[in-house]
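# Examination of the molecular architecture
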Amino acid sequence: AAQALASGLRGSGIWLEVVAGIDSVVLRFDNAALSRSDAEQQLETLMANDFEGVAASSDVVEISILYGGEFGPDLPAVCETLGLTQQEFIALHTGEYTVDMLGFIPGFAYIGGLDARLEVDRLPQPRQFVPAGSVGIAGGRTGLYALPGPGGWPLIGRTSCTLFDAQSDQPFVLDAGMRVLFM
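Read on for a plain summary of the structure. Quantities reported herein were computed from a predicted structural model and do not represent experimental measurements.

To continue, consider the packing of aromatic side chains. Counted under the stated rule, the structure contains eight aromatic pairs. On the basis of an interplanar angle of 45° and a centroid distance of 5.3 Å, the ring pair of Tyr 97 and Phe 182 is categorised as tilted. Of the two residues, Tyr 97 is situated in strand E5 (residues 95-102) and Phe 182 in strand E12 (residues 179-182); the sequence distance between them amounts to 85 residues. Phe 182 shares its class with Tyr 97; the two are buried. Taken together, the ring pairs connect Phe 104, Phe 108, Tyr 110, Tyr 145 and Trp 153 into an aromatic cluster.

Shown next, in the form of structure tokens:
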């Protein structure tokens, strides 16, 4: 919902910057041209006029995941904690989701909609290095690491899909509001 709202607010032409989070939207405006109260009034007017924002993308990015083993070193412990077999875990995890936002490190995708039976905590001690393409879960979300970096999410697998291409006009494959299909 925050992504759809932010998308619609960007199209209004009033705001200098619109940044969507998971459950919030931050607006930046030129306070020399628009007072805070005028900005609040503009936002209230937009919201009162049956503002619907923009729907999520109808395109689906397919992300194949190699679960467990060297690519998902935390999967056995996660399954033990949840009382699931690895096959049960994979069956619950595969499916269609929506990218809520990018953040933490460039291109890191926070993907919502994870089945409540897969709820686990972050690791007590973060890793200093997580390879690009790694797939983690924590706090009811799946996280995809487009770039290598540190991370505290239990790693359940890795994708061979290229999530970052420096030569592309749009270097990160995923963006907020996109739908993904874990396979």
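Take Thr 142: it is sitting in strand E9 (residues 141-144). For Thr 142, a relative accessible area of 0% translates into the label buried. Side chain to side chain, Thr 142 and His 93 meet in a polar contact 3.0 Å long.

Attention now moves to the pairing of E12. Of the two faces of E12, only one is covered, namely that formed by Val 180 and Phe 182; the face formed by Arg 179 and Leu 181 stays uncovered. Two elements, strand E3 (residues 60-63) and E12, share four bridges in a ladder whose sense is parallel. Paired with Ile 63 across the two strands is Phe 182, which belongs to E12. Inspection of the sheet shows E5 paired to E12 by four bridges, in the antiparallel sense. Each bridged residue has a counterpart across the sheet, and for Tyr 97 the counterpart in E12 is Val 180.

This brings us to the pattern of salt bridges. A full pass over the atoms with the stated rule returns six salt bridges. Taking the shortest distance from any N to any O, the salt bridge between Asp 74 and Arg 127 comes out at 2.8 Å. Taken together, the residues span a long stretch of sequence, with Asp 74 in the loop between strand E4 (66-67) and helix H3 (75-82) and Arg 127 in strand E7 (residues 127-130) at a distance of 53 residues. With relative accessibility at 23%, the residue Arg 127 sits in the partly exposed group.

This part takes up the nonpolar core. Judged by nonpolar contacts, the single largest core of 25 residues is most densely connected at Phe 89, Ile 111, Leu 144, Val 180 and Phe 182. Elements that contribute at least two residues to this core include exactly H3, helix H4 (86-93), E5, strand E6 (109-112), strand E8 (134-138) and E12. With three residues, H3 is the largest single contributor of residues to this core. Beyond its immediate stretch of four places on either side in the chain, Phe 182 contacts Ile 63, Ile 65, Tyr 67, His 93, Thr 94, Gly 95, Tyr 97, Ile 111, Thr 142 and Leu 144. Listed in part, the nine residues of the second largest apolar core include Met 101, Ile 105, Tyr 110 and Trp 153.

Take the sheet that holds E4 next. Think of a sheet as strands paired side by side through backbone hydrogen bonds, with each pair either parallel or antiparallel. If you walk across this open sheet you meet the eight strands as E3-E12-E5-E6-E9-E8-E11-E4, and the pairing is mixed. Every interior strand has two partners, whereas the edge strands, E3 and E4, have only one. Alignment of E8 against strand E11 (residues 155-158), held across three bridges, turns out to be antiparallel. Each bridged residue has a counterpart across the sheet, and for Gly 136 the counterpart in E11 is Leu 155.

What counts and how
Residues numbered from 1 in each chain as written. Predicted model: local features only at pLDDT ≥ 70, side-chain atom pairs only at ≥ 80, totals over all residues. Heavy atoms only, no water. Phe/Tyr/Trp six-rings, centres within 6.5 Å; stacked < 30°, edge-to-face > 60°. Helix = DSSP H or I, 4+ residues; strand = E, 2+ residues; numbered from the N terminus. Buried < 20%, exposed > 50% of the residue type's maximum accessible area, 1.4 Å probe, protein only. Polar contact = N/O pair within 3.5 Å; in protein donor to acceptor, adjacent residues only side chain to side chain. Pairing = 2+ DSSP bridges. Salt bridge = Lys/Arg side-chain N within 4 Å of Asp/Glu carboxyl O. Core = buried A, V, L, I, M, F, W, Y, C linked by side-chain atoms within 4.5 Å. Contact = heavy atoms within 4.5 Å.

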